[in-house]
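Secondary and tertiary structure notes
Chain residues, written in single-letter form:
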Amino acid sequence: MNKLRMAQVFTLLLLSATFGLLCQTTVLTMEGLFGAVLAALAQILICLPMCVLYARGFSFTAYTSHHKLLPFCFAGYLLIRGGVSFVRLQGTTSELSLPFRGEFWAAALIALVCVYTASLGIRALARSSTLIFGIFLFTLAVMLIGAVPQAEPQNLSMSPDDTIWQGFLRGMTRADEVVLLFLLLDFIEQKQVRCAVQVFVGTFFLTAFFTLLGMAVLGSRMAQAQHPFFAILSVSQPFSTQRADALYLLVYVMLCVLRITLYTALAAHLLKQLFPKLRYTSTVCLLIMLAVSWGAGKISISGLWHLPVILILALFVPIGFYLAQRQSRKRGAAS
């Protein structure tokens, strides 16, 4: 992989997190928004050890060349979370106007696109993320213009069915970006702490945008919405003669492809370092992700399992590296 700019990593991670927000199935509440504030702060704190570690000269790529177990664990995490992304895509197919039927066909079609995009490399993906980000911002403006006439500020009230703690847990179980950031920091030259802050603050502002707009527009209908984002879109039609569904569908698919390609490119990079003779690593990764999505569709597992994994990979592992690095410097100074 080549070096990436901080702005590119920011857009990659923010757009990846946005896909998770669009697929949310729980209702949008003020308590959830307050919990998202705490989750954003917690994610920034989790990222501090890894930022300090990289500032002291750590290189995960160099570590991978001599050790295999930990990179294998990260690759496994990426493959599982990529499979979960396919599950989220399949869960929203009923909300999309696709030219075919069947949840798995939607995932298979996206996988075929991702085979090509992943083959271009993560640097090409990073460059394209800037354009996608611009289209996404335009879509948010269209969405806002269409939804504001339907909004009723009195709908912004507390919910008796949600708590700040539940909102915090939801935000933390979706925090894939802290693990992705640990891997991507290896390819940024400067200002790592600033990048971490921007990603999670930006994710919170998007959460606030969808929450406040959704509550104001949907009101009591929020409780019946299976996918709040798509429920907002159903009433956000700013053009009197033409629906904006095509624009919304385009952005959703682009975010889905970007997220899965990001997981695929990073997993393929790790697998290539672990098994240098392995060919077609991107295709292998996508096939494994599809298999994971098929298995996940058969078994119901609580999303809370994700939280301890995030803490281990994004917090305890960097702290362990930092302590080992510090002890090595002490021994070097003593000798």
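Criteria and cut-off values
- Residues numbered from 1 in each chain as written.
- Predicted model: local features only at pLDDT ≥ 70, side-chain atom pairs only at ≥ 80, totals over all residues.
- Heavy atoms only, no water.
- Core = buried A, V, L, I, M, F, W, Y, C linked by side-chain atoms within 4.5 Å.
- Buried < 20%, exposed > 50% of the residue type's maximum accessible area, 1.4 Å probe, protein only.
- Helix = DSSP H or I, 4+ residues; strand = E, 2+ residues; numbered from the N terminus.
- Contact = heavy atoms within 4.5 Å.
- Patch = residues over 30% accessible without salt bridge, like charges linked within 9 Å, V, L, I, M, F, W, Y side chains within 5 Å.
- Areas by Shrake-Rupley, 256 points an atom, 1.4 Å probe, with all protein chains shown as cover.
- Salt bridge = Lys/Arg side-chain N within 4 Å of Asp/Glu carboxyl O.
- Axes fitted to C-alpha atoms, helices over the stretch in contact; angles between N-to-C directions.
- Parallel < 35°, antiparallel > 145°, perpendicular 65-115°, else oblique.
- Left-handed = near helix turned anticlockwise from the far one by under 90°.
- Expected span 1.5 Å × (residues − 1).
- Phe/Tyr/Trp six-rings, centres within 6.5 Å; stacked < 30°, edge-to-face > 60°.

What follows deals with the nonpolar core. The tendency in soluble globular proteins is for nonpolar side chains to be buried as a group. Phe60, Phe74, Leu78, Phe86, Leu181, Phe182 and Phe210 are the most contacted members of the largest nonpolar core, which totals 110 residues. The element contributing the most residues to this core is helix α11 (residues 245-274), with 19 residues. With residues near it in sequence (within four places) discarded, Phe182 still touches Met50, Leu53, Tyr54, Phe58, Phe60, Phe74, Leu313, Val317, Pro318 and Phe321. In terms of nonpolar packing, the next biggest core, distinct from the first, is built from five residues, Leu33, Ala36, Phe204 and Ala208 among them.

What follows is about unusual backbone geometry. A positive phi angle is found at Tyr280, which is not glycine, with a value near 55°. One can find Tyr280 in the loop between α11 and α12 (281-298).

Side chains of Leu45, Leu48, Val193, Val197, Val201 and Phe205 sit close together on the surface and give an oily, nonpolar patch of about 500 Å² of accessible area. Listed by contribution, the elements that provide at least two residues to the nonpolar patch are α2 (30-55) and α9 (192-218). If you tally residues by element for the nonpolar patch, the top one is α9, at four residues. Assignment of secondary structure puts Leu48 in helix α2.

The subject of this paragraph is the packing of helix α8 (residues 176-184) against α11. Running from amino to carboxyl end, α8 crosses α11 at an angle of 45°, the nearest separation of the two axes being 12 Å. In terms of orientation, α8 lies oblique with respect to α11. The crossing of α8 and α11 is left-handed. Contacts between α8 and α11 involve Asp176, Glu177, Leu180, Leu183 and Leu184 on the former and, on the latter, Arg259, Leu262, Tyr263, Leu266 and Leu270.

Let us now look at the environment of Ala42. Mapping Ala42 onto the fold places it in helix α2. Given the relative accessible area of 19%, Ala42 is considered buried. It is 8.2 Å that separates the C-alpha atoms of Ala42 and Met172, two residues lying 130 residues apart in sequence.

An α-helical turn contains 3.6 residues, so any two residues separated by three or four positions project in the same direction. Between the first and last C-alpha of helix α1 (residues 6-22) there are 24 Å, a value that for 17 residues agrees with the 24 Å anticipated at 1.5 Å per step. By the criterion of burial, α1 is predominantly enclosed, with 16 of the 17 residues buried.

Here we take up the packing of aromatic side chains. The description of an aromatic ring pair rests on the distance of the ring centres and on the angle between the ring planes. One pass over the full model with this rule turns up 17 aromatic pairs. Within the aromatic cluster, the residues linked to one another by ring pairs are Tyr54, Phe58, Phe60, Tyr63, Phe74, Phe182 and Phe321.

The next thing to look at is the pattern of salt bridges. One pass over the full model with this rule turns up four salt bridges. A salt bridge links Asp176 to Arg259; the nearest nitrogen and oxygen atoms lie 3.7 Å apart. Placement of the pair is Asp176 in helix α8 and Arg259 in helix α11, with a sequence separation of 83 residues. Each member of the pair, Asp176 as well as Arg259, is classed as buried. Across the pair Glu177 and Arg259 runs a salt bridge whose closest N-O atoms are separated by 3.7 Å. Placement of Glu177 in helix α8 and of Arg259 in helix α11 is noted, with a sequence separation of 82 residues between them. Arg259 shares its class with Glu177; the two are buried. Among the charged side chains, a network of salt bridges with common partners joins Arg81, Asp176, Glu177 and Arg259.

Functional significance is not addressed by these values, which are geometric in nature.
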